[in-house]
Amino acid sequence: MDALESPGAPLRIAISGAGIAGLTAAISLRKLPGVVVDLYEQAAAFREIGASIGLGPNGLRTLETLGVHNALREGVCIRQKGRHHQVYRHWRTGHVLACDAHRAVTESQHATARFHRAHLHAALLVHVPLDTIHLGKKTARIDVSGEDGLVLHFADGTSAHADLLIGADGIHSATRKWFVPHHKLHWTGWVAMRSTFDASLLDGVDFPDDAAHWVAPHRSFFHGRLGHGQFTTVGGFTVDPADPPETYRNVRWDDPGSLQRLRDLYRGWHPTVQALLEKTPYTRLYPNMAGEPLDTWVYGGGCVALIGDAAHTHGGAFAAGGSLAIDDAFCLLLALQHVWPATAGAKPCPTQIQHALRLFEATRLPHVAKVMTLARHQIIGKLAPGQKSEGSEGSKGSEDARRDGRAADDDEKLMAFIRSRPDTAWINEHSVEAAFREVVEAEAAASRVDRDRLPHSQL
Ligand SMILES: Cc1cc2nc3c(=O)[nH]c(=O)nc-3n(C[C@H](O)[C@H](O)[C@H](O)COP(=O)(O)OP(=O)(O)OC[C@H]3O[C@@H](n4cnc5c(N)ncnc54)[C@H](O)[C@@H]3O)c2cc1C
């Protein structure tokens, strides 16, 4: 689908943030005829930071629809040989406790895939002309009420004009802060310890080929292959966020972590887990942030929309953040195409843009609100039953003793927890296109009812 020529002034779309959501929005919106899309990214350069990111069938299908076939290629990402969405193993015995199957995945390329985030980012980047990405542009202020219309002001003192702004600037979104200054993020107390490294470092280690969550009553561990021959290990712990131990008081995202600490957390676990951690060459800390759901994702009188982590601060639950961001971005295209068909000629007026954003929000917000509600109740792989926050690092010895003494009881709780885990197929197999069609049909039905209520003389 290439952009067609359209007469008249183009629709100027500015995107704040060139992460997963921002790049997918650019790929999507550039398909509209008569648009100019510019991305403004705070980073001075894209660096290979981050670790593993998973995409479910929802995000993968959307990327395929958008023509981003390179991201789906085996080798860029890795899928389970057993084709399961998730596998859960017992922390001590290694037995598979449960698997989450895909429900309606008929084509292998739609099965859950795992990437290094930098590789997914790079796969998206090849679909966006580099001269439309403006690096070192940190959104600082947004003006929607001046004579000049919508203006983005950057921290370096420059600015840009647009007709529509997409806030795709991540969990700490400046766009969200500008329009919803009272919205607060909080540290959940969970700190992930993540590493990615060349899988060849594991030569000689016997481990299951498929990625798995190893689950204990008090914490979990994740390992898995990623694209480009990479491998990831993810451990973690929780602290009381209101009173964390000194070491973690000022912990920041991507800070170096202690390998010794990581290995100590998993002493007594299955030998495979310990062997994987022995070979893990470094670890970095990722304190988990979350926030309350927003009432709306549309601001500035209908010319600004939030997408991705900027819109939903769900704390990475269910490993759904990447796919949710991709579906948000694609939904903008569906909505704009609907209110502004390719044959329309002149660029959409503010009322049409407002209408498109209303349809976008009506499609995405209720779905993501459900995800966030579920996340609040249960975050599998992070908060297992009986999980306690760690008051101090010195508590490890007594913790081990308690753990051994409670093993049988804990196993029962663990199994109960596993059995009661939510079925998340409705999240990772959600169809944004079907949801959008329902919203459009509901709108059409509502307007038919309104018309039927009008006296004939007013028709
Ligand atoms: C460098 C990086 C590494 C990550 N690594 C992982 C990972 O390993 N595993 C995982 O599950 N998730 C990771 N995430 C988060 C994950 O990408 C998102 O949760 C998810 O993909 C949703 O994407 P998003 O585009 O909404 O947010 P993000 O991917 O976070 O992208 C937001 C983008 O906006 C930019 N930005 C922020 N503020 C401004 C501003 N004021 N002005 C302009 N630009 C701004 C950021 O630099 C970033 O490029 C990472 C995010 C980043 C930025």
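Looking at an unreviewed UniProt entry, one finds the protein named FAD-binding domain-containing protein and attributed to Sporothrix curviconia.

1. Notes on the pattern of salt bridges
This model, assessed by the stated rule, comprises 14 salt bridges. Close ionic contact of R249 with E246 constitutes a salt bridge, the shortest N to O distance being 3.2 Å. The class of R249 is partly exposed, set by a relative accessible area of 38%. Judged by relative accessible area, which is 59%, E246 ranks as exposed. Overlapping salt bridges bring together R12, D163 and K347 as one network.

2. Digging into the packing of helix α1 (residues 20–29) against helix α4 (residues 117–125)
The interhelical angle for the contact between α1 and α4, taken along N-to-C directions, is 20°, at an axis separation of 9 Å. Viewed along their axes, α1 and α4 adopt a mutual orientation that is roughly parallel. Note that α1 runs across α4; the crossing there is left-handed. Together, I20, L23, T24 and I27 of α1 and R117, L120, H121, L124 and L125 of α4 make up the contact between the two elements. Broken down by class, the residue content of the contact of α1 with α4 amounts to six nonpolar, two polar and one charged.

3. Some points on the site of the ligand
Looking at the ligand, there are 29 residues lining it, with A21, E41, A51, R117 and D309 nearest. At a separation of 2.8 Å, an oxygen atom of the ligand approaches a polar backbone atom of A21. Against a free-state accessible area of 900 Å², the protein chains account for coverage of 85% of the ligand. Of all the secondary structure elements, the ones that give two or more residues to the shell around the ligand are α1, β2 (35–41), β3 (52–55) and α8 (321–339). Examining the composition of the shell around the ligand, we find that three residues originate from one element, α8, more than from any other. A per-class count over the shell around the ligand returns eleven nonpolar, eleven polar and seven charged.

Calculation criteria
Throughout this document, residue positions are counted from 1 along each chain, in the order its sequence is written. Owing to the predicted nature of the model, reporting of local features is limited to residues with pLDDT of at least 70; listing and counting of side-chain atom pairs is limited to 80 or more, with chain, interface and lining totals taken over all residues. The side-chain numbers reported here are obtained from all heavy atoms of the structure, hydrogens and water having been left aside. What counts as a salt bridge is simple: a side-chain nitrogen of Lys or Arg found within 4 Å of a carboxyl oxygen of Asp or Glu. Summary of the burial criterion: residues with accessible area below 20% of their type's maximum are buried, those above 50% are exposed, and those between are partly exposed, where the area comes from a 1.4 Å probe applied to protein chains only. In this analysis an axis means a line fitted to C-alpha atoms, helices contributing only their contacting stretch, and an angle means the value between N-to-C directions, from 0 to 180 degrees. Think of it this way: any DSSP run of H or I at least four residues long counts as a helix, any run of E at least two long counts as a strand, and we number them from the N terminus. Any angle from 65 to 115 degrees is called roughly perpendicular, while one under 35 is roughly parallel, one over 145 is roughly antiparallel, and all others are oblique. Crossing handedness: left-handed means the near helix sits turned counterclockwise from the far one by under a right angle, and right-handed means the same turn made clockwise. Whether two residues are in contact is decided by their heavy atoms: any pair within 4.5 Å suffices. Classification convention: Asp, Glu, Lys, Arg as charged; Ala, Val, Leu, Ile, Met, Phe, Trp, Tyr, Cys, Pro as nonpolar; all other residues, Gly among them, as polar. Consider each residue's heavy atoms; a residue with any of them within 4 Å of a molecule or strand counts as near. We call two N or O atoms a polar contact when they sit within 3.5 Å, provided that within protein one can donate a hydrogen and the other can accept it, with sequence-adjacent residues counted only if both atoms are side-chain atoms. Accessibility throughout is a Shrake-Rupley quantity obtained with a 1.4 Å probe, and a residue counts as covered only by protein chains that appear here.

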